[in-house]
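So you can see what is in the structure, the chains are spelled out below.
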Amino acid sequence: MFKIVLFFVLYFSFSIAKHEHYDGYVVYQITVTDKQQAERVYTLENELLLDVWLYAAPTIPGLVLVPGPMRERFQSEVAAIGDTNKPVIMLQSLLHAREWVTLPVTLYAIEKLVIDITDKNLVDNIDWIILPIANPDGYEFSHEHLRFWRKNRSTGHTITNLCVGVDLNRNFGYNFGLWSSDIACSEAYHGKGPFSEPESQAVRSIVLEHSNRLELYFDVHSHGSIILYGYGDGILPPNGLTIHLVAVRIAQAIDAVKWPSKPNYSVGNIALTFANVSGTAMDYVQGIGVPLSYIHEMPAHRNENNSLTGTLVDPDYIEQAGYETWEGIKVGARWVLENSRRNKH
Ligand SMILES: [Zn+2]
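An unreviewed UniProt entry annotates the protein as Carboxypeptidase B-like originating from Papilio xuthus. What UniProt states about the protein under its Cofactor (unreviewed entry) heading is, verbatim, "Zn(2+)".

In structure tokens form, the structure reads like this:
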């Protein structure tokens with residue numbers, strides 16, 4: 001039990017002395033379960049300049065007098081503290097600009113978590129972080145200029161800016177530079193150094209901020225009908241079997257509702273099934289101790305001539321892409337709820 005318990009024990013709606021008016025004031029009793037929570041409450045009380053009658057500690061509930069206009073903020077911030085033990089799942093798309101079909105996946109997830117909620121359990125008990133456009137400049141460029149642009153749009157890599165952009169999925173600080181290119185004109189150019197790019201820095205900040213609660217990181221790409229996991233050098237994480245098992249379950253859930261024209265998903269270590277890679281977001285997140293970190297490669301489109309057209313998909317597939325992938329993400333989320341690190345304490 002980690003939640004901070006908060007309830008008011010006194011509500012003043014009258015003047016209790018001739019010159020003292022306490023209309024709307026409330027005395028709250030606060031129960032904390034550990035020292036960390038006590039420190040958070042103490043910090044909040046100090047910040048709001050509250051009149052603390054008794055400091056909360058794991059051994060004794062606290063008492064604090066809160067003026068009416070501050071009650072809403074006080075309650076919401078204490079409640080938000082209370083939520084810091086939920087597991088976190090992060091979904092991300094468009095780290096590679098041209099992989100447009102990945103965006104419906106994250107937008108569909110938002111729809112199912114905010115508007116059309118069919119799995120309330122996943123909303124109430126998980127904190128979701130969803131980054132739909134991880135490479136905004138590149139995404140815009142792929143719309144405005146070159147449809148198959150993959151990198152970001154950073155400059156300064158060549159003297160005349162002949163070639164711009166960094167492959168963001170080679171720019172993260174895990175095995176940086178081992179199996180990527182240091183040639184700026186390459187599609188796999190890794191940048192000047194690990195985390196040289198603002199986009200990868202932004203992802204790193206989010207991940208580090210929540211690293212102790214982040215249980216599942218799901219980076220959606222296109223294409224291949226495959227769920228990949230680390231590491232890019234072929235060395236498996238210590239929980240490799242679990243990572244593989246959860247990926248298989250996700251794949252099976254998607255296969256159960258996919259279009260018959262699409263192949264079944266496969267699952268595997270990225271180096272063993274694809275190639276050695278370095279500097280991926282997936283490996284970085286896995287490397288800082290997040291239990292489950294995946295690259296999810298969406299299916300390719302097969303045109304009338306039965307040839308694969310890569311990241312270009314039939315517009316009819318867009319909604320299906322969101323629907324079927326969400327079926328898989330839900331399986332991963334349910335696994336997290338049953339097996340998060342918090343449950344094992
Ligand atoms: Zn990609």
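With that settled, the discussion passes to the overall build of the protein. Per the secondary structure count, the protein includes 10 helices and 12 strands. For the protein, the residues scored as buried account for 49% of the 345 residues in total. A sequence separation of at least 24 residues applies to 71% of the contacts in the protein between residues at least 6 apart.

Here we take up the side chain of Asp219. Relative to the assigned elements, Asp219 resides in strand 9 (residues 214–222). Despite its burial, Asp219 remains without a salt bridge, the nearest opposite charge being carried by Arg170 at 8.5 Å. Among the polar contacts listed, one links the side chain of Asp219 to the side chain of Gln92, at a separation of 3.1 Å. Sequence-distant contacts of Asp219, that is, excluding residues within four places in its chain, are made with Gln92, Leu95, Asn169, Ala281, Tyr294, Ile295 and His296.

Formed by 34 residues in total, the largest nonpolar core has its most connected members in Trp128 and Tyr294. Of all the elements in the fold, those that place two or more residues in this core are strand 7 (88–93), helix 3 (103–115), strand 9, strand 10 (226–229), helix 7 (240–255), strand 12 (292–298) and helix 10 (317–339). When residues no more than four places from it in sequence are discounted, the contact partners of Trp128 are Ile89, Leu91, Leu113, Leu122, Trp326, Ile329 and Ala333. If you look at the next biggest cluster of nonpolar residues, it comprises 16 residues, including Val203, Ala281, Tyr284 and Val290.

The end-to-end C-alpha distance of helix 6 (residues 198–209) is 16 Å, a good match for the 16 Å that 12 residues give at a rise of 1.5 Å each. Every buried residue of helix 6 is accounted for by Glu199, Ser200, Val203 and Val207. Down the axis of helix 6, the buried side of the element spans an arc of 95 degrees, and every buried residue falls inside it. Across from the buried face of helix 6, at angles greater than 90 degrees, the exposed residues are Pro198 and Glu209. In this fold, the buried residues of helix 6 make contact with strand 7, strand 8 (127–131), helix 5 (136–144), strand 9 and helix 9 (281–287).

Turning next to the coordination of the zinc ion. Ideal geometry at a metal gives 109.5 degrees between four tetrahedral donors and either 90 or 180 degrees between six octahedral ones. The coordination sphere of the zinc ion contains the protein donors His96 (ND1), Glu99 (OE), Glu99 (OE) and His221 (ND1), at a distance range of 2.1 to 2.4 Å. One way to put it: the four donor atoms around the zinc ion meet at angles of 56 to 144 degrees, and that makes the site irregular. Counting gaps between the donor residues of the zinc ion yields the pattern H-x2-E-x121-H.

On to the packing of helix 7 against helix 10. Running from N to C, helix 7 and helix 10 point in directions that differ by 145 degrees, and their axes come no closer than 7 Å. Crossing handedness for the pair helix 7 and helix 10: right-handed. Along the contact surface, helix 7 presents Thr242, Val246, Arg249, Ile250, Ala253 and Ile254, while helix 10 presents Glu324, Thr325, Glu327, Gly328, Val331, Gly332 and Trp335.

Taken together, the side chains of Trp53, Leu54 and Ile60 define a hydrophobic patch exposed on the protein surface, amounting to about 270 Å² of accessible area. Assignment of secondary structure puts Ile60 in the loop between strand 5 (51–54) and strand 6 (62–66). What makes Ile60 partly exposed here is its relative accessible area of 39%.

The next thing to look at is unusual backbone geometry. Ser222 connects to His223 through a cis peptide bond whose omega is 25 degrees. The topology assignment puts His223 in the loop between strand 9 and strand 10. The residue after Gly230, namely Tyr231, is reached through a cis peptide bond having omega 0 degrees. Mapped onto the elements, Tyr231 comes out in the loop between strand 10 and helix 7. Look at Asn175: it is not a glycine, yet its phi comes out positive at around 55 degrees. Despite not being glycine, Phe195 shows a phi value in the positive range, around 60 degrees.

Looking now at the environment of Ala134. Mapped onto the secondary structure, Ala134 falls in the loop between strand 8 and helix 5. The class for Ala134 is buried, based on a relative accessible area of 5%. Taking the C-alpha atoms as reference points, Ala134 and His96, 38 residues apart in sequence, are found 8.0 Å from one another. With near-sequence residues (within four places) excluded, Ala134 lies in contact with Gln92, Ser93, Leu94, Leu95, Leu168 and Glu199.

The next thing to look at is the pairing of strand 11 (residues 266–269). Pairing geometry for strand 10 and strand 11, over four bridges, is parallel. Across the sheet, the residue bridging to Leu228 is Gly268, located in strand 11. Assessed by its sense of winding, the connection that carries the chain from strand 10 through helix 7 to strand 11 is right-handed.

A few words on the environment of Ser340. Along the chain, Ser340 turns up in the segment after helix 10. The spatial distance from the C-alpha of Ser340 to the C-alpha of Pro291 is 8.6 Å, given a sequence separation of 49 residues.

Turning next to the packing of helix 3 against helix 10. In contact at an axis separation of 8 Å, helix 3 and helix 10 are set at 65 degrees when each is read in the N-to-C sense. The crossing of helix 3 and helix 10 is right-handed. Between helix 3 and helix 10, the contacting residues are Pro104, Val105, Tyr108, Ala109, Lys112 and Leu113 on the first element and Ile318, Glu319, Ala321, Gly322, Tyr323, Thr325, Trp326 and Ile329 on the second. Here the contact of helix 3 with helix 10 is built from residues that sort into 10 nonpolar, two polar and two charged.

Conventions we followed
- Residues numbered from 1 in each chain as written.
- Predicted model: local features only at pLDDT ≥ 70, side-chain atom pairs only at ≥ 80, totals over all residues.
- Heavy atoms only, no water.
- UniProt positions renumbered as here; feature names shortened; annotations may be inferred.
- Helix = DSSP H or I, 4+ residues; strand = E, 2+ residues; numbered from the N terminus.
- Buried < 20%, exposed > 50% of the residue type's maximum accessible area, 1.4 Å probe, protein only.
- Contact = heavy atoms within 4.5 Å.
- Lys, Arg positive; Asp, Glu negative; His and termini not counted.
- Salt bridge = Lys/Arg side-chain N within 4 Å of Asp/Glu carboxyl O.
- Polar contact = N/O pair within 3.5 Å; in protein donor to acceptor, adjacent residues only side chain to side chain.
- Core = buried A, V, L, I, M, F, W, Y, C linked by side-chain atoms within 4.5 Å.
- Expected span 1.5 Å × (residues − 1).
- Arc of directions from axis to C-beta.
- Donors = N, O, S within 2.8 Å, 3.2 Å for Na, K, Ca; no water.
- Tetrahedral: all angles 85-135°; square planar, octahedral: opposite > 155°, others 65-115°.
- Axes fitted to C-alpha atoms, helices over the stretch in contact; angles between N-to-C directions.
- Left-handed = near helix turned anticlockwise from the far one by under 90°.
- Patch = residues over 30% accessible without salt bridge, like charges linked within 9 Å, V, L, I, M, F, W, Y side chains within 5 Å.
- Areas by Shrake-Rupley, 256 points an atom, 1.4 Å probe, with all protein chains shown as cover.
- Pairing = 2+ DSSP bridges.
- Right-handed = clockwise from strand over helix to strand, strands pointing away.
- Nonpolar A, V, L, I, M, F, W, Y, C, P; charged D, E, K, R; others polar.

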